[in-house]
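# Structural overview for review
This is what each chain is made of:
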Amino acid sequence: MQHKAYHTGEPVPNKPMIMREFVEMQHARKVAKVTFADLQGNPKTLDEYKGRVVLLNLWASWCPPCLREMPALAKLRSKLQGSSIQIVPLSIDEDPAAV
């Protein structure tokens, strides 16, 4: 990552409001053990992805920006298949039928 515009952990000047609290992590952090269900209703945990970089995408069926980004994430997921990077979409919908 030689072409970064800033050094890890330093504030980025003139960044948009939504990025003001962004800090790039130097090391992975532990995440609490959370169980969620896959589309077939099988229980899953993030432990299944240990040793891989995980992009956990929280989304909801009632969220228009979430739905707009889904095709791009699906394309990226296909492109990264077999790599050490795993994209995990996790719906926060309360009704599984909405997913």
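So, how was this worked out
Residues numbered from 1 in each chain as written. Predicted model: local features only at pLDDT ≥ 70, side-chain atom pairs only at ≥ 80, totals over all residues. Heavy atoms only, no water. Helix = DSSP H or I, 4+ residues; strand = E, 2+ residues; numbered from the N terminus. Buried < 20%, exposed > 50% of the residue type's maximum accessible area, 1.4 Å probe, protein only. Contact = heavy atoms within 4.5 Å. Disulfide = S-S within 2.5 Å. Lys, Arg positive; Asp, Glu negative; His and termini not counted. Salt bridge = Lys/Arg side-chain N within 4 Å of Asp/Glu carboxyl O. Polar contact = N/O pair within 3.5 Å; in protein donor to acceptor, adjacent residues only side chain to side chain.

### Looking at the overall build of the chain
Per the secondary structure count, the chain includes 1 helix and 4 strands. Element order for the chain, N to C, with α for helix and β for strand: β-β-β-α-β. Going through the 99 residues of the chain one by one, you find that 15% of them count as buried. Within the chain, residue pairs in contact and separated by at least 24 positions form 44% of the contacts whose partners lie at least 6 positions apart.

### Thoughts on the state of the cysteines
In protein chemistry, a disulfide is the covalent bond that joins the sulfur atoms of two cysteines. Scanning all chains against the criterion turns up 1 disulfide. Bridging Cys63 to Cys66, the disulfide has an S-S length of 2.4 Å. The sign of the 75° torsion about the S-S bond sets the Cys63-Cys66 disulfide as right-handed. Exposure class is identical for Cys63 and Cys66. Each is buried.

### Observations concerning the side chain of Asp93
Mapped onto the fold, Asp93 is located in the segment after strand S4 (85-91). Here Asp93 sits buried without a salt bridge, and the closest side chain of opposite charge, Arg77, lies 14 Å off (N-O distance). Side chain to side chain, Asp93 and Ser61 meet in a polar contact 2.8 Å long. Looking at Asp93, its side chain comes within polar contact range of the side chain of Ser91, at 2.8 Å.

### Considering the environment of Ser83
On the secondary structure map, Ser83 appears in the loop between helix H1 (64-79) and S4. Spatially, the C-alpha atoms of Ser83 and Arg52 are 8.6 Å apart, while their sequence positions differ by 31 residues.

### Topic: the pattern of salt bridges
Considering all chains together, one arrives at 2 salt bridges under this definition. Notably, a salt bridge pairs Lys33 with Asp47, separated by 3.8 Å at the nearest N-O pair. Here Asp47 lies in the loop between strand S2 (43-45) and strand S3 (53-59) and Lys33 lies in the segment before strand S1 (35-37), a separation of 14 residues in the sequence. By relative accessible area, Lys33 is classed as exposed at 64%. Salt-bridge contacts for Glu48 lead to Lys44; the nearest nitrogen and oxygen are separated by 3.5 Å. Note on Glu48: relative accessible area 43%, which makes it partly exposed.

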